[in-house]
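Listed here are the chains, written in short residue letters.
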There are 4 protein chains.
Amino acid sequence: MREQAYRDPVHDFITITDALLQQLIDTPEFQRLRRIRQLGVTYGTYHGAEHSRFGHSLGAMWIMHLICERLAYTGVELGSGVRETALCAALLHDIGHGPLSHALERHLTPQHNHESWSAAIVQEDTAVHRILAACDPALPTQVAAVILGNYQGPPYVRSLVSSQLDVDRMDYLLRDALYTGVTYGLFDLQRIINTMQIHSGQVVVAAKGIVAIEEYVLARYFMYWQVYLHKAIRSQELILRAAWD
Amino acid sequence: MREQAYRDPVHDFITITDALLQQLIDTPEFQRLRRIRQLGVTYGTYHGAEHSRFGHSLGAMWIMHLICERLAYTGVELGSGVRETALCAALLHDIGHGPLSHALERHLTPQHNHESWSAAIVQEDTAVHRILAACDPALPTQVAAVILGNYQGPPYVRSLVSSQLDVDRMDYLLRDALYTGVTYGLFDLQRIINTMQIHSGQVVVAAKGIVAIEEYVLARYFMYWQVYLHKAIRSQELILRAAWD
Amino acid sequence: MREQAYRDPVHDFITITDALLQQLIDTPEFQRLRRIRQLGVTYGTYHGAEHSRFGHSLGAMWIMHLICERLAYTGVELGSGVRETALCAALLHDIGHGPLSHALERHLTPQHNHESWSAAIVQEDTAVHRILAACDPALPTQVAAVILGNYQGPPYVRSLVSSQLDVDRMDYLLRDALYTGVTYGLFDLQRIINTMQIHSGQVVVAAKGIVAIEEYVLARYFMYWQVYLHKAIRSQELILRAAWD
Amino acid sequence: MREQAYRDPVHDFITITDALLQQLIDTPEFQRLRRIRQLGVTYGTYHGAEHSRFGHSLGAMWIMHLICERLAYTGVELGSGVRETALCAALLHDIGHGPLSHALERHLTPQHNHESWSAAIVQEDTAVHRILAACDPALPTQVAAVILGNYQGPPYVRSLVSSQLDVDRMDYLLRDALYTGVTYGLFDLQRIINTMQIHSGQVVVAAKGIVAIEEYVLARYFMYWQVYLHKAIRSQELILRAAWD
């Protein structure tokens, strides 16, 4: 077993033993994420927020891994194909983001959002595509389907990648809180994972986890007020877009 | 009183009321530090270490501010000229750093290290220079002297900016630890500040602070082993330099 | 200047230079608080919550100190008599608590709540009373008035000791969160202090602090759900009271 | 599967599914640990250190659990008898401690240290003994042997419970650091666990873990200087013993 350990400021060690995931991380497409700022021009207001989509993508995949471990522990075994699909989709969900993430997304390529670019990178002739296809010829299509929201497998896979309670939001709230220094984004990740269950193919949370969910929802609210919708940051985005046009 | 608050991941709020410091931060020379990576190519190994010299320079100035407050509280009033010199020198000590900080320092301009560039920016015809001179015509020379190590004022000013126990090291250990996720760089900053004293013009630490000093020295040792001298990072630096030559 | 430093798990160093406060802490009445559990029988459910009213009382006084410093910094100087009264009232507000704090309060002495006991300790012939009176003969009466809610001085003093936003709640939320391990009680203390102002004799918070206040209010809500009203803890309290009767 | 979750200030959730461990925790002997202060009279100097042996014993067992999980993950399966023995010994290693832990240990019963009392509780007719014996008649003897240091099973079991690098020290350094507020006791627990291996029946740490081990050793050094050998605490212990004699 070859183990790759990434020391992460949010999750401490992200430990990867799956050769497929390691190969995907080493592609030029994934390494490109090191040059995409997670929060666009936000660093102009919160100077600590200089982090990239690279760490966030690792983090989203890691939370998916923790959820799979927890589900397995409670007796819900994901089929290995489903598990691979979920982990790859979590890792690659943002691979289509362009410069400064959302700040320019609708301006650079108005016809395409970052999800459609992510799906394209997964399905067209790229290093990412070749690695996925070499593992299983059906994998690129399935991963792209999860990203685009038309996956035909168990519905919880899609909802764990993109919904009101998904690995994307769970990672970015914790990560953006750390880097901006605004602690309002913190919530009880472990409690949420521990109370997750699969019910009729959907992810649900046991009643005793409700306060953790409330806290998570409010963490989002606070981060929107304090960071994502901050007037100085929105102004900078407008200036940036005006400069581009 | 106009107050500028910077939310910092390391120090929480860095609050600036001094108009001179606010003006210096807003210069193009200082804002340029947002594009200089604090740890060069280290982010290739510790993916969280994407932070710039901007936050570090604010942090070093802030620790200097905390030390001045503490000294005043213990009855040691720095003259206002000395205090301004110390704060400006802490803020500007890295303003001459080039791309990727130390990784390319000796290759881009072999005859000049970053201190000599910092001193040049302070003394030549720049926005930084004009703001310092407008405050006090002697200030640019004094700040440059502190940075270059030939300041004729109280010796503790120089040693607080650059010595074995200075605001530069104190900030970068805490900051690099946070961003890399390697907690070994943490130490008891508050205890060190609280036990600092001026004795015969030198900064000394009261005997009861000795364990905090030991911990600080060992934090440096650990960060060198775990981060600054990490074999993969040193290799990347060698490759970068070879590519440059 | 003799300085007494208390290392606190919540506030790091609590540093006391005021001889009056030091003497009050050293009285038998205040030292007794070391044997009063802050959260009564809660440790039976959250095993970490074994902390006493001693640390909380120091912490409440320390937050009052930080607020006074901030107000002074913004140009609002409390008269020294008012400042002393506020600090002593914060330190002594819980000195009348009996065994297991609230769990038995109404059962041990049904006619008296802990505030009336606190006021009695301040005004009757105790070490606390003698120290306060030796400092200023009017001080015991004023401190007791703040605790009982009929203080005739500036209204913000009373509201900082007991209101919807007071040093008592601010300390216990942070402290109980730390000791129980339930992070939901955390909030942005520094931001609240930094945005506090005195307006028409009342404490108000500047508009830009509103999100910090919302977070504080919700921290209370979460702590009530997760800890203070926890069904197992409430059950233990009922059993304890039944055993007493 | 019935799962018992203990929210811990040090390890967040300690989750127990093993019915044997749950039953042991619920014995009067183990619950008694709630009334034994982990650090004796230390709370007189570090007021936050009011924690008991109860949380520490849970924590030591939890670190043992994490190590077993890690060893299993690297392909080293402990036999179930060995694993049970290790977990029970970690949980029960301090069950013989008397009032104020070490402060009075040699004075109350000079002929017996706490290990011999722990072994007696495991082997004599107690609730703990009956629960262990009902699970496996050989278990009480084996657990006592680990505690007393004459266990005939794999040597790493004994060394994980008591050696220079054991679950006891690893938990108490982190725990005492948190409660005293002295951060010097922190170290990289996850890194140590991740680099542990079994070699010739002994626990060893891979070469890449050496810095984490150095940090751990120094954390002990710092905690001894700052807390365990603190002059005021040692004085209080001497007074306590003199009062007893």
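Just so it is clear, the structure is predicted and the values come from calculations on it, not from any experiment.

For the rest of this paragraph, the subject is the interface of chain A and chain C. Each partner contributes residues to the interface: chain A has 12 residues there, and chain C has 12 residues. Between chain A and chain C, the buried area comes to about 1,200 Å², and carbon and sulfur atoms account for 60% of it. When the area that chain A buries against chain C is broken down by residue, the three leading residues are A:Tyr184, A:Val211 and A:Phe222, summing to 45%. For the pair chain A and chain C, the interface holds 0 salt bridges. Run the count over chain A and chain C and you get 4 residue pairs in polar contact (both at pLDDT 80 or more). Here the side of chain A that touches chain C takes 9 residues from helix 12 (residues 210–228) of chain A, the largest share from any one element. Split into classes, the residues belonging to the side of chain A that touches chain C amount to 7 nonpolar, 1 polar and 4 charged.

Further remarks concern the relation of the copies chain A and chain B. Of the two same-sequence chains, chain A is brought onto chain B (RMSD 0.0 Å, axial shift 0.0 Å) by a rotation of 180 degrees. Both chain copies can therefore be described as sitting about a two-fold axis. Relative to the rotation axis, the closest C-alpha in chain A is found at A:Glu50, a distance of 3.2 Å. A symmetric contact is evident, with 100% of the interface residues of chain A recurring at the interface of chain B.

So, on to the side chain of C:Ser52. Structurally, C:Ser52 is set in the loop between helix 2 (28–31) and helix 3 (53–73). One polar contact links the side chain of C:Ser52 to the main-chain carbonyl oxygen of C:Leu33, over a distance of 3.5 Å. Polar contacts involving the side chain of C:Ser52 include one to the main-chain amide nitrogen of C:Phe54, which spans 3.2 Å. Those residues within four positions of C:Ser52 in sequence are excluded, and the remaining contacts are C:Leu33, C:Arg34, C:Ile36, C:Arg37, C:Gln38 and D:Glu50.

Within a regular strand, side chains alternate between the sheet's two faces. Pairing analysis gives 4 bridges linking strand 3 (residues 196–199) of chain A to strand 4 (residues 202–205) of chain A, with the strands arranged antiparallel. The residue bridging A:Gln197 from the neighbouring strand is A:Val204, located in strand 4 of chain A.

Put simply, the second largest pocket is a space of about 1,200 Å³. Contributing to the lining of the second largest pocket are 38 residues, with A:Arg191, A:Lys208, C:Tyr46, C:His230 and D:Ala5 lying nearest its centre. Elements supplying a minimum of two residues to the lining of the second largest pocket: helix 11 (189–195), strand 3 and helix 12 of chain A, helix 12 (210–228) and helix 13 (231–244) of chain C together with strand 1 (4–8), strand 2 (12–16) and helix 1 (19–25) of chain D. The element best represented in the lining of the second largest pocket is strand 1 of chain D, accounting for 4 residues. Looking at the lining of the second largest pocket residue by residue, the classes come out as 16 nonpolar, 13 polar and 9 charged.

Attention now moves to the interface of chain A and chain B. For an interface, size is often stated in terms of accessible area lost upon the parts coming together. At the junction of the two partners, chain A supplies 25 residues and chain B supplies 25 residues. Contact between chain A and chain B buries roughly 1,900 Å² in total, counting both sides, with carbon and sulfur atoms accounting for 49%. Linking chain A with chain B are 0 salt bridges. Every element with two or more residues in the side of chain A that touches chain B is listed here: strand 1 (4–8), helix 3 (53–73) and helix 10 (167–180) of chain A.

This part covers the packing of aromatic side chains. Scanning the entire structure with this criterion turns up 26 aromatic pairs over all chains. With a centroid separation of 5.3 Å and an interplanar angle of 65 degrees, the aromatic rings of B:Tyr221 and B:Phe222 are classed as edge-to-face. With centroids separated by 5.6 Å and ring planes inclined at 50 degrees, the aromatic side chains of C:Tyr179 and D:Tyr179 adopt a geometry described as tilted. Remark: D:Tyr179 occurs in helix 10 (residues 167–180) and C:Tyr179 occurs in helix 10 (residues 167–180); the pair is interchain, linking two chains. In terms of burial, C:Tyr179 and D:Tyr179 fall into one category: buried. Taken together, the ring pairs connect A:Tyr172, A:Tyr224 and A:Tyr228 into an aromatic cluster. D:Arg34 extends its terminal NZ or CZ atom over the ring of D:Phe54, reaching a point 3.9 Å from the ring centre.

This part is about the nonpolar core. Grouped together as the largest cluster of nonpolar side chains are 149 residues, with contacts concentrated most on B:Leu92, B:Met170, D:Leu92 and D:Met170. Excluding anything up to four places from it in sequence, D:Leu92 contacts D:Leu24, D:Phe30, D:Ser118, D:Val122, D:Val128, D:Leu132, D:Val143 and D:Ile147. A:Ile25, A:Leu39, A:Ile121 and C:Ile67 belong to the second-largest nonpolar core, a separate cluster that totals 148 residues.

Turning to its location among the elements, A:Asn194 is positioned in helix 11. Of the residues examined, A:Asn194 reaches a relative accessible area of 17% and is grouped as buried. Setting aside chain neighbours within four positions, we find A:Asn194 in contact with A:Arg70 and D:Phe13.

On to unusual backbone geometry. Even without being a glycine, A:Ser200 presents a positive backbone phi close to 50 degrees. Inspection of the secondary structure puts A:Ser200 in the loop between strand 3 and strand 4. Phi angles above zero are rare outside glycine, and B:Leu100 is one such case at about 65 degrees.

Glancing now at the relation of the copies chain A and chain C. For the pair chain A and chain C, the relating rotation is 180 degrees, the translation along its axis is 0.0 Å, and the fit reaches an RMSD of 0.0 Å. Take the interface residues of chain A: 100% of them recur as interface residues in chain C, which is what a same-surface contact looks like.

Let us now look at helix 6 (residues 114–123) of chain A. All names here are of chain A. Among the residues making up helix 6, those that are buried are His114, Ser118, Ala119, Ile121 and Val122. Along the long axis of helix 6, the arc covered by the buried residues comes to 160 degrees, so they all point the same way. Structurally, helix 6 contributes buried residues whose contacts are with helix 2 (28–31), helix 4 (80–92), helix 5 (102–108), helix 7 (127–135) and helix 8 (139–148).

Looking now at the pattern of salt bridges. According to the stated counting rule, one finds 44 salt bridges over all chains in the structure shown. For B:Arg175, the salt bridge goes to B:Asp171, with nearest N and O atoms at 2.8 Å. Note that B:Arg175 and B:Asp171 are positioned in helix 10 (residues 167–180) at a spacing of 4 residues, about one turn of the helix. You'll find B:Arg175 and B:Asp171 in the same group, each marked buried. The shortest N-O distance in the salt bridge between C:Glu69 and C:Arg83 comes to 3.8 Å. Of the two residues, C:Glu69 is situated in helix 3 and C:Arg83 in helix 4 (residues 80–92); the sequence distance between them amounts to 14 residues. With a relative accessible area of 44%, C:Glu69 lands in the partly exposed category. Members of the salt-bridge network, linked through shared partners, are A:Arg7, A:Asp12 and D:Asp188.

Criteria and thresholds
- Residues numbered from 1 in each chain as written.
- Chains lettered and ligands numbered in written order.
- Predicted model: local features only at pLDDT ≥ 70, side-chain atom pairs only at ≥ 80, totals over all residues.
- Heavy atoms only, no water.
- Contact = heavy atoms within 4.5 Å.
- Buried area = accessible area lost by both parts, 1.4 Å probe.
- Salt bridge = Lys/Arg side-chain N within 4 Å of Asp/Glu carboxyl O.
- Polar contact = N/O pair within 3.5 Å; in protein donor to acceptor, adjacent residues only side chain to side chain.
- Helix = DSSP H or I, 4+ residues; strand = E, 2+ residues; numbered from the N terminus.
- Nonpolar A, V, L, I, M, F, W, Y, C, P; charged D, E, K, R; others polar.
- Least-squares fit on C-alpha atoms with pLDDT ≥ 70 in both.
- Pairing = 2+ DSSP bridges.
- 1 Å grid on protein atoms, 1.4 Å probe; cavity = no way out; pocket = protein on both sides within 12 Å on 5 of 7 lines; lining within 4 Å.
- Points joined across faces, edges and corners; volume = space filled by probe spheres on them.
- Phe/Tyr/Trp six-rings, centres within 6.5 Å; stacked < 30°, edge-to-face > 60°.
- Buried < 20%, exposed > 50% of the residue type's maximum accessible area, 1.4 Å probe, protein only.
- Lys NZ or Arg CZ within 6 Å of the ring centre and 35° of its normal.
- Core = buried A, V, L, I, M, F, W, Y, C linked by side-chain atoms within 4.5 Å.
- Arc of directions from axis to C-beta.

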